[in-house]
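# Reading the structure
Here is what each chain is made of, one letter per residue.
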Amino acid sequence: MTHTIAEMPQDRSLTVAARKEGAESRASASGAVSCRQVKKEFGAGDNRALVLRGVDFDVQFGEMTLLVGPSGCGKTTLLSVIAGLLDATAGEISVLSQNMDTLSGTDSVLFRRKNLGFVFQQYNLLPALTAAENAAVPLLAAGVPRKRAVDRASALLTELGLEKRLHALPAQLSGGQQQRVALARALVHEPRLIVCDEPTSALDHETGYAVMELLTKVAVRDDRAVIVVTHDSRVFDFADRIAHMDDGRIVRTEAPRQERFAASRN
């Protein structure tokens, strides 16, 4: 049964129990992302700013990894470098076993189009397109026939509780509904890596909670990985791994779900 936001269950015990079952296998899963001594600087000379200062960062398949830290510490820059939206100044980046340094500009675009899904804070929906058409954009960009692309997007939106809003324009949707359209757009082409930049910060507690539930349900699978940049401590409970960033570096990483699972077995 598909839930609307108002109908989303508030007790996470079933979700947590289901994810605990896979905790041990996730701990040994091969890596989806590997960053080694990654640096990124902007400007030159007196205007040079080193934003990433030798980042070591790993993301595992089957996990949701939160990237947290104060404003200006480099979280969004790191996410952009991992996604290939920015070039690193130095260091090594492997995404889905692909060395990102070896990709040309065109190959990088094709790699992102096939393998990555993006969820942004501001949704970035196209105002002249319906919800179903917006969600279908990645498929249309990949050359999938329009009817097939819109049908696939409509099916996913229905799963996300928007079956009655498929033909609505973004201006006719609430913030939570727009976010679910953005989530469907990020997932419709079944990417192996989903990157989210502050997906809940502009949402109320109930809507943000529902978005994270949906992201967990649809995106966290053994052959996928999710990275969420967030300041929102309300969503920390959803994390398999939390990487704390400060001053351009990862300063600490914790795996709260695995730690709780291990503690429950002792």
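Summary of the structure given here. Position numbers for residues start from 1 in each chain and track the written sequence from start to end. Two thresholds apply to this predicted model, a pLDDT of at least 70 for residue-level local features and 80 or more for giving and counting side-chain atom pairs, whereas whole-chain, interface and lining totals are computed over all residues. Computation of side-chain values covers all heavy atoms of the structure but excludes hydrogens and water.

## Let's talk about the pattern of salt bridges
Any carboxyl oxygen of Asp or Glu within 4 Å of a side-chain nitrogen of Lys or Arg constitutes a salt bridge here. By the definition in use, this model includes eight salt bridges. Put simply, arginine 48 and glutamate 41 hold a salt bridge, and the shortest N to O gap is 2.8 Å. Of the charged contacts in the structure, one is a salt bridge between glutamate 254 and arginine 252, with a shortest N-O distance of 3.4 Å. Buried means the residue's accessible area, taken with a 1.4 Å probe over protein chains only, is under 20% of the maximum for its type, while exposed means over 50%, and partly exposed covers the values in between. For glutamate 254, a relative accessible area of 23% gives the class partly exposed.

## Digging into the sheet that holds strand E6 (residues 116–120)
If you trace the six strands from one edge of the open sheet to the other, you get E6-E7-E8-E3-E9-E10, paired in mixed fashion. On the outer flanks of this sheet lie E6 and strand E10 (249–254), each paired with one strand and no other. Going across the sheet, the axis of each strand differs from the next one's by a mean of 20 degrees, ignoring polarity. With four bridges connecting them, strand E3 (residues 64–68) and strand E8 (residues 225–229) associate as parallel partners. Each bridged residue has a counterpart across the sheet, and for threonine 65 the counterpart in E8 is isoleucine 227. The sheet strands contacting helix H7 (residues 175–187) are E6 and strand E7 (193–197), and the helix crosses E6 at an angle near 165 degrees. When DSSP finds two or more bridges between two strands, those strands count as paired. Only DSSP runs of H or I reaching four residues or more are called helices, and only runs of E reaching two or more are called strands; each is numbered from the N terminus. Here, axes are lines fitted to C-alpha atoms. For helices the fit covers the stretch in contact, and angles between N-to-C directions go from 0 to 180 degrees. Residues are treated as being in contact if the distance between any of their heavy atoms lies within 4.5 Å.

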